[in-house]
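A look at the structure
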Amino acid sequence: MASQLTDDAVVAGVEIGFGEVVKLTGNSPWTVETADGERHTARAVVIATGLNKGRLGLPNEDEFEGRGLSHCAACDGPLYAGLPVVVAGADGWAAFEAQELTGLAGKVTVIGNPFAEKPAGIDFIEGRIVALAGDGGLQSVTVEAGTTRNTIPASAVFVYVGQSPAAEFLPDSLARDASGHIVVDADGRTSAPTLFAVGDVRAGGRQYLSDAIADGQRAAQSIVATLGNTK
């Protein structure tokens, strides 16, 4: 899908560049600065950066990134065929990923509050992960529930807690909600008139692809209406 969308954009005349945006300054025109030092000027900017990866908040977490910590069941689940894996999270997306892992990995355990409906093939442990352990890769996690701690085997943890909007590079003056998501109006416009936010980075986003697509369409239509078709 991503390839098809990219191809369609190129055919429509979109110029695509690659790089990490680290700073956004100005206000129509905006200056977009990348980690490589590139600067791009724009009369309007659409922020579609989504969410940062989930975090467990553990001191040695980075040591296991890519060696047991994952954020995508479809991507990494096959690497753990027949092995015990853990899903950290209790929302709808965590439930979806846990169900997908039942067909990819071995035993699947969800750490958190049980889902409203308990799918077959998934175990639940209430509590939170407080420690990761392993030599050369993840081998176990410690779960705390109240005053009780238990260690269980785990070759991977799929993290769906502690996600945050990827908006650190945006001006502090932008209106945000309590969790740091960008507040927008019905057209996707932020508190800066020519800056738009779409998808999961905006306040009220539901992490649905259909919502992100609709957000993008509304923002594009609003930009055309505001700035016209002039370059």
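Attention here is on the structure that accompanies the text.

Side note on the sheet that holds strand 12 (residues 148-153)
Here three strands make up an open sheet; going across it, the order is 10-11-12 and the pairing antiparallel. The sheet is open, and its two borders are formed by strand 10 (128-133) and strand 12, each paired with just one other strand. Across the sheet, the mean angle from the axis of one strand to that of its neighbour is 25°, orientation sign disregarded.

Side note on the pairing of strand 8 (residues 108-111)
Where burial is concerned, the two faces of strand 8 agree: the one with Val108 and Val110 and the one with Thr109 and Ile111 are both buried. Across four bridges, the pairing between strand 7 (residues 85-88) and strand 8 is parallel. Bridge pairing in strand 8 places valine 87 opposite valine 110. Taken together, strand 7, helix 3 (residues 92-101) and strand 8 constitute a β-α-β crossover, and its handedness is right-handed. When strand 8 meets strand 9 (residues 122-125), the two strands line up parallel, connected through four bridges. Paired with valine 110 across the bridge in strand 9 is phenylalanine 124.

Section: the side chain of arginine 189
Looking at the element boundaries, arginine 189 is found in the loop between strand 14 (164-165) and strand 15 (195-197). A polar side-chain atom of arginine 189 sits 2.9 Å from a polar atom in the side chain of serine 222. Among the polar contacts made by the side chain of arginine 189, one reaches the side chain of threonine 226 at a distance of 3.2 Å.

Here's the deal with the pattern of salt bridges
Taken as a whole and assessed by the stated rule, the structure comprises 10 salt bridges. A salt bridge links arginine 55 to aspartate 62, with the nearest nitrogen and oxygen atoms 2.8 Å apart. Residue classification places arginine 55 among the partly exposed positions, given a relative accessible area of 37%. Note on aspartate 62: relative accessible area 55%, which makes it exposed. With a closest N to O distance of 3.1 Å, arginine 128 and glutamate 144 form a salt bridge. Separated by 16 residues along the polypeptide, arginine 128 in strand 10 and glutamate 144 in strand 11 (residues 140-145) bring together distant segments of the chain.

Describing the sheet that holds strand 1 (residues 21-26)
The antiparallel open sheet is built from three strands, whose spatial order is 1-2-3. Looking along the sheet, the strands with just one partner apiece sit at the ends: strand 1 and strand 3 (39-42). Averaged over all adjacent pairs, the angle separating strand axes in this sheet is 20°, with direction ignored. Strand direction decides the pairing type here: strand 1 and strand 2 (residues 30-34), joined by five bridges, are antiparallel.

What counts, and where the lines are drawn
- Residues numbered from 1 in each chain as written.
- Predicted model: local features only at pLDDT ≥ 70, side-chain atom pairs only at ≥ 80, totals over all residues.
- Heavy atoms only, no water.
- Pairing = 2+ DSSP bridges.
- Helix = DSSP H or I, 4+ residues; strand = E, 2+ residues; numbered from the N terminus.
- Axes fitted to C-alpha atoms, helices over the stretch in contact; angles between N-to-C directions.
- Buried < 20%, exposed > 50% of the residue type's maximum accessible area, 1.4 Å probe, protein only.
- Right-handed = clockwise from strand over helix to strand, strands pointing away.
- Polar contact = N/O pair within 3.5 Å; in protein donor to acceptor, adjacent residues only side chain to side chain.
- Salt bridge = Lys/Arg side-chain N within 4 Å of Asp/Glu carboxyl O.

So, to be careful, I would describe these as geometric facts and stop short of saying anything about function.
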